[in-house]
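Given next are the chains, with one letter for each unit.
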Amino acid sequence: MKITDKNLCDIWYQALLERASDYTGVFFVGVKTTGVFCISVCRARKPKRENVEFYKDAKSALADGFRPCKVCRPAENAHSAPLFVEQALALVRRDIKSRVADAELRQHGISPERVRRWFLQHHGITFQAFQRMQRVNVALQELKSGRAATDVALDNGYESLSGFGYTYKRLTGAAPTQATQVIVIHRFTTTLGPMFVCATERGVCLLEFTDRRMLETEFRDIQRLFNARIVTGENSHTRQTVKEIGEYFAGTRRQFDLALDAPGSDFQQSVWHALRAVPYGQTSHYQAISLRLNKPNAVRAVAAANGANRIAIVIPCHRIIGKDGAMTGYGGGISRKEWLIEHERYNV
């Protein structure tokens, strides 16, 4: 949303001049003379007041034709974890099986309240809930390797098997002794804003921008289709996704090597396979895809399958435009679609 309140914009302009870190992500500033948008801490030369526009989100700045600044990388850095969150996460990674309590955070000069607010805003759960999901994910892998439930429970900081069983079942929907599957979800930042990646043991099943329309519906759908719960965590597929998507935005990767686990009908699978065949740096349209599948009358069905794609960028539905060259809808927003197409053409 573009902000027109003069007093607020004056405050934000002063924050831009001062490179105020506490305004990081609060506003985005479009610079009319350069065509880029920045965040408050940008080190680039400061524009004149009359040459800037202010926005509440990066998506609106993109929609108005501004491109991310290469100096401050606004869509990425505005949503990256601040130092106090990184410090809290470092404590978790130090011993992922142990619980980092509020008292321990305070001992390290970290405000538990600020950490809690950040996790609620960016993950929709508290820091303690995040830790519980991490420990359950580790426990799940250990159970699948053949370890006894009692040993796993005690080794993961639980004083009793019953307490471990209660938490495990609440998060996964099954008892520790039952065969179960979870979908791990990991949030990471990109040039165009934060994304969620979800993965099963077999591969990536969802990759979307966090502000995508109908995202909650997609979460419900994959949990139903896999008969599994989404749990915060990482696995080899999520880590590879972060690496390859980073290379894609850097302009050094044109094809992906990710293993995908995307449930869909045979027809949907055929459409998604055809989408991946559209060359990097080029575009296509629904009719061309339907002809490629030898189904010339299935244009509407192709459009529906394209819209049902849950794995953005890797299954490149952004490369589908109108037959007349017009930009068609995109779940991540038309402005992102235009940027992705331009990015690929530039890096061919």
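Reading the values: rules and limits
- Residues numbered from 1 in each chain as written.
- Predicted model: local features only at pLDDT ≥ 70, side-chain atom pairs only at ≥ 80, totals over all residues.
- Heavy atoms only, no water.
- Buried < 20%, exposed > 50% of the residue type's maximum accessible area, 1.4 Å probe, protein only.
- Helix = DSSP H or I, 4+ residues; strand = E, 2+ residues; numbered from the N terminus.
- Pairing = 2+ DSSP bridges.
- Expected span 1.5 Å × (residues − 1).
- Arc of directions from axis to C-beta.
- Contact = heavy atoms within 4.5 Å.
- Axes fitted to C-alpha atoms, helices over the stretch in contact; angles between N-to-C directions.
- Core = buried A, V, L, I, M, F, W, Y, C linked by side-chain atoms within 4.5 Å.
- Salt bridge = Lys/Arg side-chain N within 4 Å of Asp/Glu carboxyl O.

**Considering the pairing of strand β8 (residues 204-209)**
In step 1: The buried count for β8 comes to six of six residues, which makes it a mostly enclosed element.
In step 2: By the bridge criterion, five bridges tie strand β7 (residues 195-199) to β8 in an arrangement that is antiparallel. The residue bridging valine 197 from the neighbouring strand is leucine 207, located in β8.
In step 3: Between the end of β7 and the start of β8, which pair antiparallel, lie four residues.

**Some points on helix α6 (residues 112-123)**
In step 1: Taking 1.5 Å per residue, 12 residues should reach 16 Å; α6 reaches 16 Å between its end C-alpha atoms and fits that length.
In step 2: Listed as buried for α6 are Pro112, Val115, Trp118, Phe119 and His122. Looking straight down α6, one finds that the buried residues subtend no more than 125° of arc, so they occupy a single side. Away from its buried face by more than 90 degrees, α6 exposes Arg117 and Gln121.
In step 3: Count one or two residues on from α6 and you reach glycine 124, which has phi positive near 75°.

**Side note on the sheet that holds strand β5 (residues 67-68)**
In step 1: On the basis of which strands lie adjacent, the open sheet formed by five strands has the order β1-β4-β2-β3-β5 and mixed pairing. The sheet is open, and its two edges are formed by β1 (2-3) and β5, each paired on a single side.
In step 2: Bridge analysis of strand β2 (residues 28-31) against strand β4 (residues 52-55) gives four bridges, and the strand direction is antiparallel. Considered in β4, the bridge of valine 31 is made with valine 52.
In step 3: Each of β1, β2 and β4 touches helix α1 (residues 6-18); the most contacted strand, β4, lies at about 105° to it.

**Some thoughts on the environment of threonine 180**
In step 1: Residue placement: threonine 180 occurs in the loop between α9 (161-172) and β6 (182-188).
In step 2: Residue threonine 180 is classed as buried on the basis of its relative accessible area of 13%.
In step 3: Sequence separation between threonine 180 and leucine 140 is 40 residues; the distance between their C-alpha atoms is 8.4 Å.

**Some remarks on the pairing of β6**
In step 1: Most of β6 is tucked away: six of the seven residues are buried.
In step 2: As paired elements, β6 and strand β9 (residues 229-232) share four bridges and run parallel to each other. Paired with isoleucine 185 across the strands is threonine 232, a residue of β9.
In step 3: Bridge analysis of β6 against β7 gives five bridges, and the strand direction is antiparallel. Counted as the bridge partner of valine 184 is alanine 199 from β7.
In step 4: Linking β6 to β7, which pair antiparallel, is a turn of six residues; within it glycine 193 sits at a positive phi near 115°.

**Comments concerning the sheet that holds β8**
In step 1: Strand order across the open sheet formed by four strands is β8-β7-β6-β9, with mixed pairing between neighbours. The sheet is open, and its two edges are formed by β8 and β9, each paired on a single side. The average undirected angle you get between the axes of adjacent strands in this sheet is 25°.
In step 2: Lying on the sheet, helix α10 (residues 215-226) is in contact with β6, β7, β8 and β9; it crosses β8 at an angle near 175°.

**Describing unusual backbone geometry**
In step 1: Located in the positive-phi region is asparagine 294, a residue other than glycine, with phi close to 60°.
In step 2: The residue asparagine 294 is located in the loop between α13 (286-292) and α14 (299-307) in this model.
In step 3: In this structure, isoleucine 313 takes a positive phi of about 70° despite not being glycine.
In step 4: Here isoleucine 313 lies in the loop between α14 and α15 (334-346).
In step 5: Relative accessible area serves as the criterion here: at 1%, isoleucine 313 is assigned to the buried category.

**Quick notes on the nonpolar core**
In step 1: Within the largest apolar cluster, 59 residues are counted, with the highest numbers of intra-cluster contacts made by Phe54 and Ile313.
In step 2: Counting residues per element, this core draws most heavily on α1, which supplies five residues.
In step 3: Among residues more than four places away in sequence, those in contact with isoleucine 313 are Met195, Phe209, Ile245, Tyr248, Phe249, Phe256, His318 and Leu340.
In step 4: Leu89, Val100, Met133 and Val182 belong to the second-largest nonpolar core, a separate cluster that totals 22 residues.

**As for the environment of threonine 4**
In step 1: The residue threonine 4 is located in the loop between β1 and α1 in this model.
In step 2: C-alpha of threonine 4 to C-alpha of phenylalanine 54: the two residues are 50 residues apart in sequence and 7.6 Å apart in space.

**A few points about the pattern of salt bridges**
In step 1: Counted according to the given criterion, the structure contains 17 salt bridges.
In step 2: Note that arginine 212 is salt-bridged to glutamate 208, the shortest N-O span being 3.0 Å.
In step 3: The partner of lysine 243 in a salt bridge is glutamate 247, with the nearest N and O atoms 2.8 Å apart. Separated by four residues within a single helix, lysine 243 and glutamate 247 lie in helix α11 (residues 236-249), roughly one turn from each other.

**What about helix α4 (residues 83-94)?**
In step 1: With 12 residues, α4 should cover 16 Å at 1.5 Å per step; its first-to-last C-alpha distance of 16 Å lies within 8% of that length.
In step 2: When we look at burial in α4, the residues that qualify are Phe84, Val85, Ala88, Leu89, Leu91 and Val92. Take α4 and look down its axis: the buried residues cluster within an arc of 150°, on one side only. What points out from α4, more than 90 degrees from its buried face, is the exposed set Leu83, Arg93 and Arg94.
In step 3: Looking at the packing, one finds that the buried side of α4 touches α5 (102-107), α6 and α7 (127-144).

Spatial relationships are all this shows, so hold off on functional conclusions.
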